[in-house]
Amino acid sequence: MLSDAQLKLAGFVELTPVIPLRAGEHRRAIWAKTALRDLVAGKITPESGFPCLEFDLFVGRYCKGYIVSATRDQKKKSDFKWLQGHDQVWVVALRNPRPGWRIFGRFAGKNRFVALGVFIRGDLGNLDNYSIEASKIPLEWDALFPNVPAHEGAAFQDYLGEPVRDDDE
């Protein structure tokens, strides 16, 4: 399992909710490259629609351990999608800011999502292009963290802890 120190050494920062966490409230973490943090803060391209209240609310819900939704179905509108046919690749699906964004990544451990790629949803185009980008995530992981496997589990709770709403049921 990757430590916080290893993630920091690789250039990752922990995303934090706009409303600060209180003692004992931090249950999950999202790690991202500084470029993603700067994008969602509106520092890189203000025309992207960031900062965005919906994204800030998602980060707060996730980090504070509130309920998030998950699916394996590409067509469902869940917070997290576990991409089938790809080695431990997950996507955070943001519908706002428009036109929507997708953050591809893997889990470094239970409750520890590592964001490795961010795309405007429309730029991904069809499912073939989506799949091509998803197939790059394990390669990027291996380049950043050689000999450190991504976290593996059998159920959404193995990755996202509780509470998680299983949108496949």
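Residues numbered from 1 in each chain as written. Predicted model: local features only at pLDDT ≥ 70, side-chain atom pairs only at ≥ 80, totals over all residues. Heavy atoms only, no water.

A. Looking closely at the pairing of strand β2 (residues 29–33). Counting buried residues in β2 gives 4 out of 5 residues, a clear majority hidden from the surface. Both strand β1 (residues 12–15) and β2 contribute to a ladder of 4 bridges, which runs antiparallel. Bridge pairing in β2 links Phe12 to Lys33. Judged from the 3 bridges that link them, β2 and strand β7 (residues 112–120) form a sheet pairing that is parallel. Note on β7: the bridge partner recorded for Ile30 is Phe113. (Buried < 20%, exposed > 50% of the residue type's maximum accessible area, 1.4 Å probe, protein only. Helix = DSSP H or I, 4+ residues; strand = E, 2+ residues; numbered from the N terminus. Pairing = 2+ DSSP bridges.)

B. Layout of the sheet that holds β1. In spatial order, the strands read β1-β2-β7-β6-β5-β4-β3-β8; together these 8 strands make up an open sheet with mixed pairing. Sheet topology places β1 and β8 (164–166) at the edges, where each strand pairs with a single neighbour. Sheet twist, expressed as the mean angle between neighbouring strand axes with direction ignored, is 35°. Together, β1, β2, β3 (68–71), β4 (80–82), β5 (90–94), β6 (101–109) and β7 form the strand contacts of helix α3 (residues 53–64), whose direction differs from that of β2 by roughly 130°. Along the sheet face, helix α5 (residues 127–144) touches β1, β2, β5, β6 and β7 and points at about 35° away from the line of β6. (Axes fitted to C-alpha atoms, helices over the stretch in contact; angles between N-to-C directions. Contact = heavy atoms within 4.5 Å.)

C. Examining α3 more closely. For α3, built from 12 residues, the straight-helix expectation of 16 Å at 1.5 Å per residue is met to within 8% by its first-to-last C-alpha distance of 16 Å. Within α3, burial applies to Phe55, Phe58, Val59, Gly60, Tyr62, Cys63 and Lys64. A positive backbone phi angle near 85° is found at Gly65, which sits one or two residues after α3. (Expected span 1.5 Å × (residues − 1).)

D. View of empty space enclosed by the protein. Within the structure shown, the criterion is met by 1 cavity of 30 Å³ or more. Considered as a void within the structure, the largest cavity measures approximately 40 Å³ in volume. Residue composition of the lining of the largest cavity, grouped by class: 9 nonpolar, no polar and no charged. (1 Å grid on protein atoms, 1.4 Å probe; cavity = no way out; pocket = protein on both sides within 12 Å on 5 of 7 lines; lining within 4 Å. Points joined across faces, edges and corners; volume = space filled by probe spheres on them. Nonpolar A, V, L, I, M, F, W, Y, C, P; charged D, E, K, R; others polar.)

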